[in-house]
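Tertiary structure, described
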Amino acid sequence: MFPVILARIRMPMIITGLLLAIGEFVHHVPLLSVAGVILFLAGFASMFLPAGSVERAPIPIASPVRGRWLAVNSPADKVPSHGLHAYGQTYAVDLVNWPDEDTEWKAVVRAPLMSRPETFPGFGRPIHAPAAGTVVAARDFWRDHLSRNSWPALVYSMAEGVVRELAGPGGVLGNHVILDLGDGVYAAFAHLKRGSVQVHKGERVEAGQLIGQCGNSGNSSEPHLHFQLMDNAHPSIAAGLPFAFEEILPDGTTRRSVPSKRQPLLSPAR
């Protein structure tokens, strides 16, 4: 219960703190500034608390991708997987399409400094609904920017990320779809390709239905799918939920797990 309460009040605390701190310059009331700073720091610190993780059995879910994808920033390695609880991403996983088993994927390259998203194998790959649900959000207007996977580009992306935060969750997620899977579980698919989203708010989708394509919109270093389950339709006040992909192994058996960093997700080819 505590992680859920933290998720609900975290962003209101940060925003209220900022407004109070700014209000001090308008109304010249020092206590407003002190209260604002305290609220802001408390909300910011809550993003990193170990107690911010929801403890429950992983929710079994089908893979939203087809083919060979590598896990990056996986909850199999650490929780929160992305270093913080903000936007319901406590148990989120990043999936990078990498079909070549003989070539090592590298998170950071020496050159080029930035590359067009079309040069990456994952760009434009289909993303499917892992379960039946109802679309509660669909955004499809953010541009697919150049990659940020060199050291200079990563430094640039950090500054860029601050600006994206000012735009709210949409600036971070880029083009995205959020599905209501029922029983208080919502699935988010982020960084989709502009113009590829195939669903609209209020639409009922079936398991396996095409919802969009992998892109490089929002706070993304290269084309990949950011996937997460959460307990609210609004990422800004959502708590992340653990899940396990149902993988089909080479021998035909099924395994439920989340691959660790740079391990392949053996998803079905259907």
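Above: the structure in question.
Heads up: these notes are all about the structure in this document.

About the thresholds
- Residues numbered from 1 in each chain as written.
- Predicted model: local features only at pLDDT ≥ 70, side-chain atom pairs only at ≥ 80, totals over all residues.
- Heavy atoms only, no water.
- 1 Å grid on protein atoms, 1.4 Å probe; cavity = no way out; pocket = protein on both sides within 12 Å on 5 of 7 lines; lining within 4 Å.
- Points joined across faces, edges and corners; volume = space filled by probe spheres on them.
- Helix = DSSP H or I, 4+ residues; strand = E, 2+ residues; numbered from the N terminus.
- Nonpolar A, V, L, I, M, F, W, Y, C, P; charged D, E, K, R; others polar.

1. Considering empty space enclosed by the protein
Taking a probe equal in size to a water molecule and rolling it over the atoms shows the remaining empty space. In the structure shown here, the tally under the stated rule is 1 cavity of 30 Å³ or more. A volume near 30 Å³ is recorded for the largest cavity. Forming the boundary of the largest cavity are P3, A7, R10, G52, H85, T90, A238, A239 and G240. The leading source of residues in the lining of the largest cavity is helix α1 (residues 2-27), at 3 residues. A per-class count over the lining of the largest cavity returns 4 nonpolar, 4 polar and 1 charged.

2. Overview of the layout of surface pockets
Space inside the largest pocket adds up to approximately 1500 Å³. In this structure, the largest pocket is lined by 49 residues; those nearest its centre are L84, Q89, E165, V172 and N219. Those elements that provide at least two residues to the lining of the largest pocket are α1, α2 (30-45), β3 (93-97), α3 (151-166) and α4 (169-173). Of the residues belonging to the lining of the largest pocket, the class tally is 24 nonpolar, 17 polar and 8 charged. The volume enclosed by the second largest pocket comes to roughly 250 Å³.

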